[in-house]
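Overview (structure and organization)
Each chain, letter by letter, is given below.
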Amino acid sequence: REMIERLSQTLRTSEGNARLDEGDVAAALKSAAKTLDVEYRVPFLAHATMEPMNCTARFKDGVATVWAPTQAPGFARGAVASALGIDAKKVDLHVTFLGGGFGRRYSTDFVTQAAMLARETDGAPVQLIWSREEDMAHDYYRPAYVARCKAGLDASGALVAWQTTTAGSSLGAPSFMDTATDGAWNTAYDFPNARVAHAPVESAMTTGVWRSVAHSQNGFFVESFIDECAAAAGKDPVAFRATLLAKDPRHLRVLQRAAELSGWGQPIAAGPDGAKRARGIAIHRAFGSIVAQVAEVSVDADRKIRVHRVVCVIDCGVPVNPNLIRQQMEGGIVYGLSAALHGEITIEKGRVQQSNFHDYTPLRMNECPVIETEIVAGSERPGGVGEPGTPPIAPAVANALFALTGQRLRSLPLKLA
């Protein structure tokens with residue numbers, strides 16, 4: 001909590017380092033008929049891979065043989081060589097199945113640890129397996145971020161100014177700071193006056209890349225705030241987005257197809273429990289692919305949020321393996337929903353409070369929505385599919401909750417008052 005407040009305070013005094021600065025945002029805000037000035041927050045997140053960190057290593061006759069579930073073989077080989085004081089050419093690395101990566105296995109701490117242990121065993125192999133509790137307490141967490149978002153609307157409800165400034169730590173190394181605004185500065189929206197900036201604020205937490213990297217938080221910030229602007233303008237969320245995407249037919253096609261498949265604008269029947277339902281939409285571009293998602297949600301008598309259905313439309317260029325694309329969309333949605341509804345790492349007296357899946361809860365099978373994925377076949381070069389399915393789901397759910405309850409939730413995980 002203290003870190004989040006520190007980030008919020010930073011945004012009250014810092015304009016950040018601009019990655020996008022077009023037009024005259026200050027003048028446009030001053031002359032706008034209506035302005036918005038709000039703050040969004042996301043917490044630290046663990047990767048919580050189903051298979052904890054592990055590595056097997058042997059060091060014999062000056063040569064290291066390593067079996068590791070790594071996402072970065074080059075980094076892992078270099079880390080082993082450095083730990084053992086040998087040339088990287090003397091490291092024979094075998095990459096195993098990952099058991100879940102999500103960015104956590106880009107780091108090399110568990111590989112280094114196994115190598116250092118193997119150095120002490122006179123050529124005998126060492127198999128290192130972390131406990132779930134060790135894995136949770138010693139992650140390279142997705143950093144906490146705060147975003148201050150400002151917008152201006154003219155008398156007709158058209159968006160005339162857009163400003164987003166985020167604050168948070170780097171993704172494991174200062175060299176990653178340039179990526180902190182990815183998904184915020186390079187949206188497809190046609191903003192007449194726009195400024196997107198980032199204020200770096202480092203923390204003592206070990207941080208790293210998390211599935212979809214900066215898109216994970218920036219997708220939530222941008223798509224929630226776009227929806228908020230649409231509401232302030234008194235316009236339908238799909239129509240409001242369509243106006244801003246009019247010059248990008250590829251994005252527009254994905255947006256409109258998601259709306260069509262979901263039954264956007266049509267009444268939704270209440271569920272078996274009688275609870276009312278509503279839809280929310282989000283669209284986001286990441287790693288060369290465009291993904292739109294519509295979430296259908298309800299709230300029970302105990303104010304528990306339930307996501308019943310997600311319609312997902314993806315344009316990833318030429319679809320090489322449709323079955324794999326659908327699987328990745330489903331996995332990305334489930335992973336993103338876990339964070340949206342439950343995910344939060346908290347610190348007290350320097351210690352991570354969560355330890356296992358009972359208090360860092362992934363989406364349970366009985367919570368999983370029906371997921372319908374359509375692939376829009378494009379002619380562009382193939383884009384990514386492992387990560388783009390994650391960013392849109394949290395804002396889609398938050399936007400549906402606003403449509404259902406009138407509450408605008410600006411912090412993750414989503415919790416109704």
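Small disclaimer: the values here were computed from a predicted structure and weren't measured.

1. Some points on the overall build of the protein chain
Along the protein chain, the regular secondary structure elements total ten helices and 15 strands. Its C-alpha atoms give the protein chain a radius of gyration of 22 Å, near enough to 22 Å, the size a compact globule of 417 residues would have. Principal axes of the C-alpha set define a box for the protein chain whose edges measure 75 × 50 × 50 Å. The contacts of the protein chain with a sequence gap of at least 6 include a subset with a gap of at least 24, amounting to 77%. About 18,000 Å² of surface is accessible on the protein chain, with carbon and sulfur atoms providing 52% of the total.

2. Considering the packing of aromatic side chains
Throughout the structure, instances matching the rule amount to eight aromatic pairs. Their ring planes at 75° and their centres at 6.4 Å tell us that Tyr40 and Phe225 sit as a pair that is edge-to-face. Remark: Phe225 occurs in helix H6 (residues 215-233) and Tyr40 occurs in strand E2 (residues 34-42); sequence separation between them is 185 residues. Assessed through its relative accessible area of 0%, Tyr40 is described here as buried. Looking at Phe225, the relative accessible area reads 0%, which means it is buried. Judged by centre distance (6.2 Å) and plane angle (55°), the ring pair of Phe220 and Phe221 falls under tilted. For the pair Phe220 and Phe221, one class covers both residues: buried. Within the aromatic cluster, the residues linked to one another by ring pairs are Tyr40, Trp162, Tyr189, Phe191, Phe220, Phe221 and Phe225. In this structure, Arg142 packs its charged tip against the face of Trp210, placed 5.6 Å from the ring centre. The residue whose ring lies beneath Arg408 is Phe402, and the NZ or CZ to ring-centre distance is 3.9 Å.

3. Details of the pairing of strand E9 (residues 194-200)
With six of seven residues buried, E9 is to be regarded as a mostly interior element. Where strand E1 (residues 17-22) lies against E9, five bridges are found, and the strand directions are antiparallel. Counterpart to Glu22 in the pairing with E9 is Ala194. Note that strand E8 (residues 159-168) and E9 share seven bridges and pair parallel. Opposite Thr164, over in E9, you have Val196 as the bridge partner.

4. Let's talk about the pattern of salt bridges
Taken as a whole and judged by the stated rule, the model has 23 salt bridges. For Glu120, the salt bridge identified is with Arg119, shortest N-O distance 3.1 Å. Judged by its relative accessible area of 37%, Arg119 falls in the partly exposed class. In this structure, Glu228 and Arg410 form a salt bridge, with 2.5 Å as the shortest nitrogen-oxygen distance. Highlighted residues: Glu228 in helix H6 and Arg410 in the segment after helix H10 (393-405), separated in sequence by 182 residues. Under the relative-accessibility criterion, Glu228 is labelled buried at 8%. Of the residues examined, Arg410 reaches a relative accessible area of 29% and is grouped as partly exposed. By sharing partners, the salt bridges in this structure join Glu223, Asp227, Arg241 and Arg408 into a single network.

5. Regarding H6
Residues three or four positions apart in an α-helix share a direction because the helix packs 3.6 residues into each turn. With 19 residues, H6 ought to run about 27 Å at 1.5 Å a step, and its terminal C-alpha atoms sit 26 Å apart, in line with that. Counting buried positions along H6 gives 17 out of 19 residues, so the element sits mostly inside the fold. Where H6 ends, the next residue or the one after it, Gly234, has phi of about 70°, a positive value.

6. Observations regarding the side chain of Ser216
Checked against the element boundaries, Ser216 lands in helix H6. Of the residues examined, Ser216 reaches a relative accessible area of 10% and is grouped as buried. Here Gln217 takes part through its side chain, which lies 3.1 Å from a polar atom of the side chain of Ser216. When neighbours within four sequence positions are excluded, Ser216 is seen to be in contact with Arg142, Trp210, Arg211 and Pro391.

7. Thoughts on helix H1 (residues 2-13)
Between its first and last C-alpha, H1 extends 17 Å over twelve residues, near the 16 Å set by a 1.5 Å rise per residue. Restricting attention to buried positions, one finds in H1 the residues Met3, Ile4, Leu7, Ser8, Thr10 and Leu11. Down the axis of H1, the sector holding all buried residues measures 155°, keeping them to one side. Projecting away from the buried face of H1 at angles above 90 degrees are the exposed residues Glu2 and Thr13. Looking at the buried residues of H1, the elements they touch are E2, strand E7 (145-153), E8 and E9.

8. Considerations on the sheet that holds strand E6 (residues 126-129)
Sheet strands pair via backbone hydrogen bonds, and the direction of the pair is either parallel or antiparallel. Ordered by their spatial adjacency, four strands build an open sheet running E5-E4-E3-E6, and the pairing between neighbours is mixed. Across the chains shown, the open sheet's two edge strands, defined by having one partner strand only, are strand E5 (91-95) and E6. Here the strands of the sheet are splayed against their neighbours by 15° on average, with no regard to which way each runs. One ladder, built from five bridges, connects strand E4 (residues 63-68) with E5; its direction is parallel.

9. Some points on the nonpolar core
In this structure, Leu159, Trp162, Phe225, Phe240, Val397, Leu401 and Leu414 are the most contacted members of the largest nonpolar core, which totals 79 residues. Looking at this core, the element that brings in the most residues is H6, giving eight residues. Beyond its immediate sequence surroundings of up to four residues, Leu414 is in contact with Ile305, Ala340, Leu341, Ala394, Val397, Ala398, Leu401 and Leu409.

About the cut-offs
- Residues numbered from 1 in each chain as written.
- Predicted model: local features only at pLDDT ≥ 70, side-chain atom pairs only at ≥ 80, totals over all residues.
- Heavy atoms only, no water.
- Helix = DSSP H or I, 4+ residues; strand = E, 2+ residues; numbered from the N terminus.
- Rg over C-alpha atoms; globule rule 2.2 N^0.38 Å.
- Contact = heavy atoms within 4.5 Å.
- Areas by Shrake-Rupley, 256 points an atom, 1.4 Å probe, with all protein chains shown as cover.
- Phe/Tyr/Trp six-rings, centres within 6.5 Å; stacked < 30°, edge-to-face > 60°.
- Buried < 20%, exposed > 50% of the residue type's maximum accessible area, 1.4 Å probe, protein only.
- Lys NZ or Arg CZ within 6 Å of the ring centre and 35° of its normal.
- Pairing = 2+ DSSP bridges.
- Salt bridge = Lys/Arg side-chain N within 4 Å of Asp/Glu carboxyl O.
- Expected span 1.5 Å × (residues − 1).
- Polar contact = N/O pair within 3.5 Å; in protein donor to acceptor, adjacent residues only side chain to side chain.
- Arc of directions from axis to C-beta.
- Axes fitted to C-alpha atoms, helices over the stretch in contact; angles between N-to-C directions.
- Core = buried A, V, L, I, M, F, W, Y, C linked by side-chain atoms within 4.5 Å.

Everything listed here is a matter of geometry and, on its own, says nothing about what the molecule does.
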